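Breakdown of the fold
The primary structure of each chain is shown beneath.
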Amino acid sequence: LLDYLHTAVRLGDGRTAVRNHCEVLDYVRSAGRVVAARTSALGEIACRAVVDCSGVAAEPTAGLSMNLVVDRPGFCEGDRAMGLPHPDGRFVFVVPWRGRCMVGTWDRAYPHDPKPGLRFESRWIDECLAWLAPAHPELAKLERESVHYVQAGLLPTEAEAPELSRTDRVRVEPDGRVRVRGVKYTTARAVAARAVEQAAELHGLPWEVGPPPRLFDRAEGLHEFSAERSDRGERLGGGAGPTLGEVLFGIDCEQARSLSDVLLRRTSTASVGHPGRQVVDEVARFCARRLGWTDDELATQVERFDSDFRFGVFAEARPSPPG
């Protein structure tokens, strides 16, 4: 996603703006058509066309899909991923991941309310573990204490059935917005082309499908950014955390504004579980200096980050394995 955002800015040649933590509060309409968006951080933004990609936030129903990051089962060796047949006819995927494993994917019904965002109930972990158990004896041994991280998200469902939707949708709303519902990353570019075509035709704008642009290489960009100063290769948190360059790149070039932005969404530091007290506290103090947080805001950021790893039962997070 970050590669795409960087690419959009580059192709816009100064005409593309990206904003993080900026909420669309409402649309301004004239003669029944959207003519502006009212936002939390930038005020009112006039627009000719709106492509609404808010996903399940604008849908009446949603389903929950989740993977667990767990201690590596004994049968998972090296870097080989595998699919295990499940009695329900699906496959359980076991994927090596930074010294641990991702297992899933499990789906369930979700009590959807688009306003408060994702709500997670710890009992769903037990349900997921129970679903995994029949696929392999080693998976049947997994317990709550084996779970280090939960990857959970909402996906659209069909209104007339509880199953997750497998169908992309692009439609024009009565107020002129082009609404997009995507279901797969692998079809994202084709869906995007349909959305832009709809918006262009609606407003009489020129449009043609060209070859895909070269995507921004984020790893290459980070390397160039870090090479500007020798100290940007130093790791925070006693050598166990992200590099100084990674944190600065996330803040200065990618609008990271929270501790979770940095540790979960701009670096892979917490992708296999809580990285440990020293890493979290040192990165948080660095972010506080860079972003001008008060002591109260610093404490709030740390508490919010830690709470993501309690899963309803963990009082103290455990450190991640090296590597």
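Everything below is about the structure printed above this text.
Criteria and thresholds
- Residues numbered from 1 in each chain as written.
- Predicted model: local features only at pLDDT ≥ 70, side-chain atom pairs only at ≥ 80, totals over all residues.
- Heavy atoms only, no water.
- Helix = DSSP H or I, 4+ residues; strand = E, 2+ residues; numbered from the N terminus.
- Rg over C-alpha atoms; globule rule 2.2 N^0.38 Å.
- Buried < 20%, exposed > 50% of the residue type's maximum accessible area, 1.4 Å probe, protein only.
- Contact = heavy atoms within 4.5 Å.
- Areas by Shrake-Rupley, 256 points an atom, 1.4 Å probe, with all protein chains shown as cover.
- Lys, Arg positive; Asp, Glu negative; His and termini not counted.
- Charge placed at Lys NZ, Arg CZ, Asp CG, Glu CD.
- Pairing = 2+ DSSP bridges.
- Phe/Tyr/Trp six-rings, centres within 6.5 Å; stacked < 30°, edge-to-face > 60°.
- Arc of directions from axis to C-beta.
- Polar contact = N/O pair within 3.5 Å; in protein donor to acceptor, adjacent residues only side chain to side chain.

Across its full length, the chain holds 9 helices and 11 strands. In terms of C-alpha radius of gyration, the chain reaches 22 Å, essentially the compact-globule figure of 20 Å for 323 residues. Dimensions along the principal axes, computed over C-alpha positions, put the chain at roughly 60 × 55 × 40 Å. Taking all 323 residues of the chain together, 39% fall into the buried category. For the chain, restricting intrachain contacts to residue pairs at least 6 apart in sequence, the fraction spanning at least 24 positions comes to 61%. Counting every atom, the chain has about 18000 Å² of accessible surface; 53% of that belongs to carbon and sulfur. The centroid of the 42 positive side-chain charges in the chain is displaced by 2 Å from the centroid of its 47 negative side-chain charges.

Here the focus is the sheet that holds strand β4 (residues 51-52). Pairing is mixed across the open sheet formed by 3 strands, whose spatial order is β4-β11-β10. A strand with exactly one partner marks an edge of an open sheet, and here the two such strands are β4 and β10 (169-172). Sheet analysis places β4 next to strand β11 (residues 178-181), joined by 2 bridges and oriented parallel. For V51, the partnering residue across the bridge sits in β11 and is V178.

What you see with β11 is no split at all: V178 and V180 on one side and R179 and R181 on the other are buried throughout. Turn length for the β10-β11 hairpin, with the two strands adjacent in sequence and antiparallel, is 5 residues, and the turn residue G176 shows positive phi of about 95°.

The next subject is the packing of aromatic side chains. Considering all chains together, one arrives at 6 aromatic pairs under this definition. Between Y4 and Y185 the ring centres are 6.5 Å apart and the planes differ by 80°, which places this aromatic pair in the edge-to-face class. With Y4 in helix α1 (residues 2-12) and Y185 in the loop between β11 and α4 (188-203), the pair connects residues that are 181 residues apart, well separated along the chain. Taking 5.0 Å as the distance between ring centres and 50° as the angle between the ring planes, the aromatic pair formed by F305 and F309 counts as tilted. With a relative accessible area of 3%, F309 lands in the buried category. Put simply, the rings of Y110, F120 and W124 pair up and form one aromatic cluster.

This part takes up helix α5 (residues 218-226). Every buried residue belonging to α5 is among R218, G221, L222, F225 and S226, and all of these are buried. All buried residues of α5 lie within an arc of 130° about the axis, which places them on one face of the element. Exposed and facing more than 90 degrees away from the buried side of α5 are A219 and H223. Residues of α5 that are buried in the fold lie against α1, α6 (244-254) and α7 (259-266). For α5, the N-terminal capping position is held by D217, with its side-chain oxygen 3.1 Å away from the main-chain nitrogen of A219.

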